[in-house]
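# Secondary and tertiary structure notes
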Amino acid sequence: MALCPRRVVAALKLLGPGGERAWARQPRITGGRRPISFSAGASSIFGSGGNSRKEKLLLQDVAELIRTRACQRVVVMVGAGISTPSGVPDFRSPGSGLYSNLQQYDIPYPEAIFELEFFFHNPKPFFALAKELYPGNYRPNVTHYFFRLLHEKGLLLRLYTQNIDGLERAFQKLTVVTENFHASGIPASKLIEAHGSFASATCAVCRTPSPGEDFWADVMVDRIPRCPVCTGIVKPDIVFFGEPLPQRFLLHVIDFPMADLLLILGTSLEVEPFASLSEAVQSSVPRLLINRDLVGPLAWRPRSRDVVQLGDVVHGVEKLVELLGWTEEMQDLIQRETGKLDGQDR
Ligand code: CNA
């Protein structure tokens with residue numbers, strides 16, 4: 001299963017349980033949601049009587065499902081949009097996204113920065129991006145800490161991220177990896193970094209692993225990291241287009257059918273095979289999208305139990321946290337974690 005921009009390999013689809021295509025790409029933008037007033041508790045949301053399964057859910061209904069633990073196998077899918085409030089540019093936001101600011105990276109077209117062929121031709125733009133994303137340059141925001149709370153409450157089945165900034169791990173200054181328990185408090189076992197990370201690096205020629213410290217020492221002084229064995233270019237273990245996704249990504253085969261709630265935040269759902277996972281939960285499972293735009297299958301193949309919270313992701317998460325009654329807990333957590341990061345900076 002290789003990483004593909006959606007329009008390049010539109011034919012690559014996840015297979016449904018019966019081997020059929022999970023979805024067909026027929027763009028269909030809905031005219032928006034028609035919220036139906038629905039204030040019943042979780043039991044009636046899942047109830048089999050009457051037509052409750054057909055009722056439109058609202059954000060407060062999702063909060064109720066979480067709060068009452070009617071849903072306790074929550075799968076989360078995220079993308080670059082959860083990190084823009086931390087200051088990391090995403091790909092596609094007009095004006096601020098990387099694709100709008102390509103001149104500084106000197107690449108012929110946006111996807112080139114993650115293409116092997118271009119990387120071997122000119123690795124400098126990619127390493128400029130790597131330097132930008134250096135662990136410790138950015139800090140997690142409310143969204144990342146919301147996942148931590150979900151985990152602490154035993155509700156997080158798995159967090160699937162496309163991000164390569166390591167903020168789910170909350171990398172701390174100069175500590176490259178804590179393998180088993182990430183500094184954000186989300187254990188490695190709960191996290192799938194679907195597009196890899198900068199936590200490790202490998203020679204692109206002889207495949208010798210490279211120690212993170214050596215790699216970063218070179219990147220920070222704008223030197224291309226070279227393999228001590230064969231002098232090939234050392235590439236961080238970020239998944240480029242056409243490359244296979246990490247083995248752990250295959251956990252989706254178990255996680256998505258088991259999920260009882262899917263949260264999707266800050267992603268355009270443009271990159272496959274990640275995007276198709278949004279269709280891999282059972283049709284009865286509510287899907288909540290918190291994003292600036294209505295995207296992917298939620299736009300053109302909506303389901304009756306979709307909930308869409310359009311707008312800024314931090315605002316959407318704060319609203320959900322408030323509905324959950326977790327605001328104070330969240331503030332305490334952020335204060336504690338910010339204190340730790342400040343301590344490291346001193
Ligand atoms: P994308 O295609 O740039 O989409 C981001 C989505 O988030 C868009 O729909 C935006 O409208 C939305 N968005 C941006 N900021 C906000 C905000 N503050 N509030 C609400 N919505 C917002 O990024 P995807 O993650 O979908 O694309 C996948 C690529 C991007 C992956 O391969 C990543 O490796 C790659 N990427 C990662 C990072 C990172 O690690 N932070 C940064 C840039 C690109």
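Residues numbered from 1 in each chain as written. Predicted model: local features only at pLDDT ≥ 70, side-chain atom pairs only at ≥ 80, totals over all residues. Heavy atoms only, no water.

## Notes on the site of the ligand
Around the ligand lies a shell of 29 residues, among which R92, D165, T267, S268 and D293 are the nearest. Here I164 contributes a backbone N or O atom positioned 2.7 Å from an oxygen atom of the ligand. Considering the ligand on its own, with 850 Å² of exposed area, one finds that the protein chains cover 97% of that surface. The class makeup of the residues in the shell around the ligand is 10 nonpolar, 13 polar and 6 charged. (Near = heavy atom within 4 Å. Polar contact = N/O pair within 3.5 Å; in protein donor to acceptor, adjacent residues only side chain to side chain. Areas by Shrake-Rupley, 256 points an atom, 1.4 Å probe, with all protein chains shown as cover. Nonpolar A, V, L, I, M, F, W, Y, C, P; charged D, E, K, R; others polar.)

## Remarks on the packing of aromatic side chains
In this structure the tally under the stated criterion is 17 aromatic pairs. The interplanar angle of 65° and the centroid separation of 5.1 Å between the aromatic rings of F126 and F240 together place this pair among those described as edge-to-face. Residue F126 is located in helix 4 (residues 124–132), and its partner F240 is located in the loop between strand 7 (234–238) and helix 7 (252–258); the two are separated by 114 residues in the primary sequence. A single burial state applies to F126 and to F240, both of which are buried. Ring geometry for F198 and W216: centres 5.7 Å apart, planes at 50°, overall tilted. Placement of F198 in strand 5 (residues 196–203) and of W216 in helix 6 (residues 212–220) is noted, with a sequence separation of 18 residues between them. W216 gets classed as buried once you look at its relative accessible area, which sits at 5%. A connected cluster of aromatic rings, assembled from ring pairs, spans F91, F114, F119, F120, F126, F127, F198, F215, W216 and F240. One residue, K235, lies across the ring of F240, its end atom 4.5 Å from the ring centre. (Phe/Tyr/Trp six-rings, centres within 6.5 Å; stacked < 30°, edge-to-face > 60°. Helix = DSSP H or I, 4+ residues; strand = E, 2+ residues; numbered from the N terminus. Buried < 20%, exposed > 50% of the residue type's maximum accessible area, 1.4 Å probe, protein only. Lys NZ or Arg CZ within 6 Å of the ring centre and 35° of its normal.)

## Quick word on the pattern of salt bridges
The full count for this structure, using the stated rule, is 12 salt bridges. E64 is the partner of R67 in a salt bridge, and the nearest nitrogen-oxygen pair spans 3.2 Å. Separated by 3 residues within a single helix, R67 and E64 lie in helix 2 (residues 59–67), roughly one turn from each other. The partly exposed category is assigned to E64, whose relative accessible area is 23%. Here D218 ties to R223 by a salt bridge, and the two come within 2.7 Å at their closest N and O atoms. Taking the relative accessible area as the measure of exposure, D218 reaches 14% and is therefore buried. In this structure R223 comes out as partly exposed when scored by relative accessible area, which is 48%. (Salt bridge = Lys/Arg side-chain N within 4 Å of Asp/Glu carboxyl O.)

## What about the packing of helix 2 against helix 9 (residues 313–324)?
Running from N to C, helix 2 and helix 9 point in directions that differ by 55°, and their axes come no closer than 9 Å. Considered as vectors, helix 2 and helix 9 are oriented oblique to each other. Both helix 2 and helix 9 take part in a crossing whose hand is right-handed. Contact residues: L59, Q60, A63, I66 and R67 in helix 2; K319, L320, L323 and L324 in helix 9. (Axes fitted to C-alpha atoms, helices over the stretch in contact; angles between N-to-C directions. Parallel < 35°, antiparallel > 145°, perpendicular 65-115°, else oblique. Left-handed = near helix turned anticlockwise from the far one by under 90°. Contact = heavy atoms within 4.5 Å.)

## Focus: the UniProt feature "active site" (unreviewed entry) in the chain
With numbering matched to this structure, UniProt assigns "active site" (unreviewed entry) to H195. Checked against the element boundaries, H195 lands in the loop between strand 4 (191–193) and strand 5. Sequence-distant contacts of H195, defined by excluding residues within four places in its chain, comprise L3, T161, Q162, I164, D237, I238, V239, L245, V271 and F274. Here the side chain of H195 touches Q162 through a polar contact of 3.5 Å, landing on its backbone oxygen. (UniProt positions renumbered as here; feature names shortened; annotations may be inferred.)

## Points about the side chain of R287
Tracing the backbone through its elements, the reader meets R287 in strand 10 (residues 287–291). A relative accessible area of 0% places R287 in the buried class. Contact partners of R287, with chain neighbours within four places excluded, come to L262, S278, E279, V281, P297, L298, R301, P302, R303, R305, D306 and V307.

## Thoughts on the sheet that holds strand 5
Strand order in the open sheet formed by 3 strands is 6-5-7, and the pairing between neighbours is antiparallel. The open sheet is flanked by strand 6 (209–210) and strand 7, the only strands paired with a single partner. In the sheet, strand 5 pairs with strand 7 via 4 bridges, with the strands oriented antiparallel. Its bridge partner lying in strand 7, G196 is registered against I238. Relative to strand 7, helix 4 is tilted by about 60°, and along the sheet it contacts strand 5 and strand 7. Most of the contacts of helix 6 go to strand 5, to which it runs at about 95°, and overall it touches strand 5, strand 6 and strand 7. (Pairing = 2+ DSSP bridges.)

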